[in-house]
Amino acid sequence: NNVKTIYEKENQYSNKTCRFLNDMFYSAHGKYIALCEGDDFWTDENKLQKQVDFLEKNKDHTVCFHTVKIFFDDASGKEEISPEPAEGYVFDLENLLIDNYIHTCSVMYRRQDYKNLANEIMPHDLYMHVYHARSGKIGFIKDVMGVYRKQPNGVWWESRDHISNIYERHRYMLINLYSELLKMLKDSTTYTPIIYKHVTHLFRSFIEIDASHKQSLFIDTVRDFPEMSAQFAIQQKVYIDDLKTENQRLSDVVNGLDEEIKAIKGSHWYRLNPKL
């Protein structure tokens, strides 16, 4: 009676939606939720108990995660332990937005209200990490209690050498993730600039892909996300204006040096020491 199975009539992932993932969150009634996808596995029989104990003790935390071992199925990469934070690193929402340090198989959430989850987003795990972390702290257990397994059929396998393929295939869901995060954190002057940095990176990547592969990723994104596109255009104008200002400053420096060189060459000292 402890296991409740949810069957799909067809593969929902092929429909490019996260609705089937969200359905599992809707169906969960426990106080805490832990995730373990099909290609990963847990390695500590006390993992769940340790995380429950942590969340029971720390009521102000809504997320708890732990260290995992990264394993390559085809031995193409070196095994490593992740995360291994630098001294003084803080596991908080700001750093999570900068770089997702929580592996899905390591996370446990304090259950929230899941009525209004976004569906067409990628990666879904980052969205859920932020969804929970916005209302509480993030706890970390240093024990290695799971394995994140990388294998050629995985969604992110191409990210090592061919990230452009992922951008082409999942353009809408990748941009929509940041659109949903902006809605979620719209009042934060700390978080929104970080999100827009990711958006800017994606827009620039789309432009490069369009130029080399004759695609229309950028135009399609402008059509689908006009507000974000307008913000990107504003940021690019500011960037270009800054470049022009810096170029003028460097030009003034060069002109100043030219004048100094002319003055030196016209001096009595230079005429006596022309070889210097």
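Our structure's up above, just so we're on the same page.
What counts, and at which threshold
Residues numbered from 1 in each chain as written. Predicted model: local features only at pLDDT ≥ 70, side-chain atom pairs only at ≥ 80, totals over all residues. Heavy atoms only, no water. Phe/Tyr/Trp six-rings, centres within 6.5 Å; stacked < 30°, edge-to-face > 60°. Helix = DSSP H or I, 4+ residues; strand = E, 2+ residues; numbered from the N terminus. Buried < 20%, exposed > 50% of the residue type's maximum accessible area, 1.4 Å probe, protein only. Lys NZ or Arg CZ within 6 Å of the ring centre and 35° of its normal. Axes fitted to C-alpha atoms, helices over the stretch in contact; angles between N-to-C directions. Parallel < 35°, antiparallel > 145°, perpendicular 65-115°, else oblique. Left-handed = near helix turned anticlockwise from the far one by under 90°. Contact = heavy atoms within 4.5 Å. Nonpolar A, V, L, I, M, F, W, Y, C, P; charged D, E, K, R; others polar.

Undergrad: Would you take a moment to explain the packing of aromatic side chains for this structure?
TA: Working definition: an aromatic ring pair is given by the centre-to-centre distance plus the angle between the planes. The full count for this structure, using the stated rule, is 16 aromatic pairs. Ring geometry for phenylalanine 25 against tyrosine 114: centres 5.2 Å apart, planes inclined by 65°, an arrangement best described as edge-to-face. Highlighted residues: phenylalanine 25 in helix α1 (residues 19-27) and tyrosine 114 in the loop between β5 (108-110) and α4 (124-133), separated in sequence by 89 residues. Each of the two residues, phenylalanine 25 as well as tyrosine 114, counts as buried. Following the ring pairs from residue to residue traces out a cluster consisting of Phe25, Tyr109, Tyr114, Tyr127 and Tyr131. Over the ring of tyrosine 131 we find arginine 134; its NZ or CZ atom is 4.4 Å from the centre of that ring.

Undergrad: How should I be thinking about the packing of helix α6 (residues 171-184) against helix α8 (residues 217-224) in this particular structure?
TA: If you want to describe how two helices pack, look at the angle between their axes and the distance between the axes. Their axes nearest at 11 Å, the elements α6 and α8 cross at an angle of 45°. Classified by the angle their axes make, α6 and α8 are oblique. Once α6 is placed against α8, the crossing between them reads as right-handed. Side by side, α6 and α8 meet where Arg171, Tyr172 and Ile175 of the first sit next to Leu217, Asp220, Thr221, Arg223 and Asp224 of the second. For the contact of α6 with α8, the class distribution of residues is three nonpolar, one polar and four charged.

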